[in-house]
Amino acid sequence: MTDDALVPDSSRAPGRSGSPRPSESLGPSGSPEPRRPSGSPRRSGSPGPSRSRVTEQGGGKRDISRPPLPEPLPAPVVDNHCHLDIEDGNSWLDPASALELASSVGVTRIVQIGCDLQGAAWAVKTAEEFDAIVAGVAIHPNEAPRVDADGGLDAGLAEIERLVLSSPRVRAVGETGLDYFRTGVDGVAAQRRSFAAHIELAHRHDKTLVIHDRNAHDDVLAMLDEHGVPERTVLHCFSGDADFARRCLDRGGYLSFAGTVTFKNAQDLRDALVIAPLDRILVETDAPFLAPMPFRGRPNASYLIPTTVRAMAEVRGEDLEVLCTAINANTENAFGGRW
Ligand SMILES: [Zn+2]
Ligand SMILES: [Zn+2]
């Protein structure tokens with residue numbers, strides 16, 4: 001996850017929020033209510049949603065209504081980074097509902113990213129239940145110092161490796177990396193140790209490495225150079241400028257753009273998007289965080305990918321269908337083939 005500024009640390013403490021609430025309508029926007037397909041998998045005491053996003057920001061209430069469904073895309077794309085296990089808004093979108101809404105607008109597949117042991121186990125289980133979902137597993141860089149302080153980092157990393165081996169539905173190791181924005185200097189050593197171990201895991205088991213990089217561009221690349229860049233490496237929620245994009249591309253990385261690329265103050269990101277070759281571009285939500293404009297701050301979900309992709313096509317001056325087709329193929333290449 002790339003917690004945006006709306007998410008204080010306290011909201012990210014692991015913990016259950018009780019039994020999941022049934023899916024409700026998308027809110028007052030008049031969007032269709034997700035219909036639960038009969039016979040769709042149900043949760044039965046399994047982990048998740050693992051966290052709830054807070055609904056207040058700086059003393060003021062966020063708008064937690066779900067944005068309306070956008071126009072469908074002309075060709076299917078994949079949301080390659082999503083946290084279906086994190087609840088937000090006035091209802092939790094269970095995987096079946098999230099997939100149904102997303103596929104109704106052309107977002108037909110999802111990479112579900114688990115960020116701690118519980119979330120990673122949930123991601124594997126969910127990927128095994130839904131053909132449209134594959135999983136990434138890791139201890140998030142902002143979790144690593146906490147786990148390490150409890151003396152559990154080595155055991156945690158061993159459990160992540162066990163999960164990687166537990167199912168062919170696990171396509172990625174991540175999100176891992178460095179976050180100097182949310183974790184202070186005292187957490188850097190644990191982050192680096194965890195990142196190095198995840199890079200090695202990706203190499204050892206030929207999995208895609210999904211990197212979380214926040215305010216740590218140079219150190220992320222230095223560690224990749226030191227440990228070797230895995231064959232398939234994704235810079236999730238790419239947050240650099242054109243120069244950093246080139247340095248990532250030089251190493252064979254894929255750049256995954258999130259709703260942040262639509263933000264007014266994100267010209268650097270748009271510059272990076274413009275110089276990226278068509279075959280290295282991915283799109284993601286990082287849902288429930290980072291909803292694209294004009295829905296910034298509201299609950300994000302995979303069905304909002306078309307809003308981001310349309311903005312990306314406009315920035316690049318690219319035909320929308322061409323971009324969608326490329327993203328779909330790129331995602332398969334980046335995550336080890338079709339699913
Ligand atoms: Zn992230
Ligand atoms: Zn994420």
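Residues numbered from 1 in each chain as written. Chains lettered and ligands numbered in written order. Predicted model: local features only at pLDDT ≥ 70, side-chain atom pairs only at ≥ 80, totals over all residues.

Chemist: Break down the sheet that holds strand E7 (residues 133-137) for me, with residues and values.
Modeler: Here eight strands make up an open sheet; going across it, the order is E4-E6-E7-E8-E9-E10-E11-E12 and the pairing parallel. Each having just a single partner strand, strand E4 (77-82) and strand E12 (281-283) make up the two edges of the open sheet. The sheet shows a mean angle of 25 degrees between the axes of neighbouring strands, taken without regard to direction. (Pairing = 2+ DSSP bridges. Helix = DSSP H or I, 4+ residues; strand = E, 2+ residues; numbered from the N terminus. Axes fitted to C-alpha atoms, helices over the stretch in contact; angles between N-to-C directions.)

Chemist: Got a sec to walk through the packing of helix H2 (residues 117-129) against helix H4 (residues 153-166)? Specific residues and values, please.
Modeler: Running from N to C, H2 and H4 cross one another at 0 degrees; their axes reach a closest spacing of 10 Å. As summarised for this structure, H2 and H4 are arranged roughly parallel, according to the angle between their axes. Contacts from Leu117, Ala120, Ala121 and Val124 of H2 reach H4 at Gly156, Glu159, Ile160, Leu163 and Ser166. Considered class by class, the residues forming the contact of H2 with H4 number six nonpolar, two polar and one charged. (Parallel < 35°, antiparallel > 145°, perpendicular 65-115°, else oblique. Contact = placed C-beta atoms within 7 Å. Nonpolar A, V, L, I, M, F, W, Y, C, P; charged D, E, K, R; others polar.)

Chemist: Give a detailed account of H4, specifying residues and quantitative values.
Modeler: The terminal C-alpha atoms of H4, which comprises 14 residues, lie 20 Å apart, in line with the 20 Å expected from a rise of 1.5 Å per residue. When we look at burial in H4, the residues that qualify are Leu153, Gly156, Leu157, Ile160, Leu163 and Val164. Seen end-on, H4 carries its buried residues on one side only, within an arc spanning 115 degrees. Along H4, exposed side chains directed more than 90 degrees from the buried face belong to Asp154, Ala155, Ala158, Arg162 and Leu165. Of the surrounding secondary structure, the elements contacted by the buried residues of H4 are H2, E7, helix H3 (144-149), strand E8 (170-179) and helix H5 (188-205). (Expected span 1.5 Å × (residues − 1). Buried ≥ 20, exposed ≤ 12 C-beta atoms within 10 Å, placed from the backbone. Arc of directions from axis to C-beta.)

Chemist: Outline the environment of Cys82, listing residues and values.
Modeler: In this fold, Cys82 is placed in strand E4. What makes Cys82 buried here is the crowd of 29 C-beta atoms within 10 Å. Note: C-alpha distance between Cys82 and Ile110 (28 residues apart in sequence) is 7.0 Å. Discounting residues that sit within four places of it in the chain, Cys82 has contacts with Ile110, Val111, Gln112, Ile113, Thr285, Ala287 and Ser302.

Chemist: Quick one: what's the story with the confidence of the model for the protein chain, residue by residue and with numbers?
Modeler: Per-residue confidence for the protein chain gives a mean pLDDT of 87; residues scoring 70 or more make up 83%. Taken as a whole, residues 4-25 scores under 50 in pLDDT and shows 38 contacts with residues more than four places along the chain or in a different chain. Note on residues 27-47: pLDDT under 50 across the span, and 34 contacts to partners over four residues away in sequence or across chains. (pLDDT = per-residue confidence, 0-100.)

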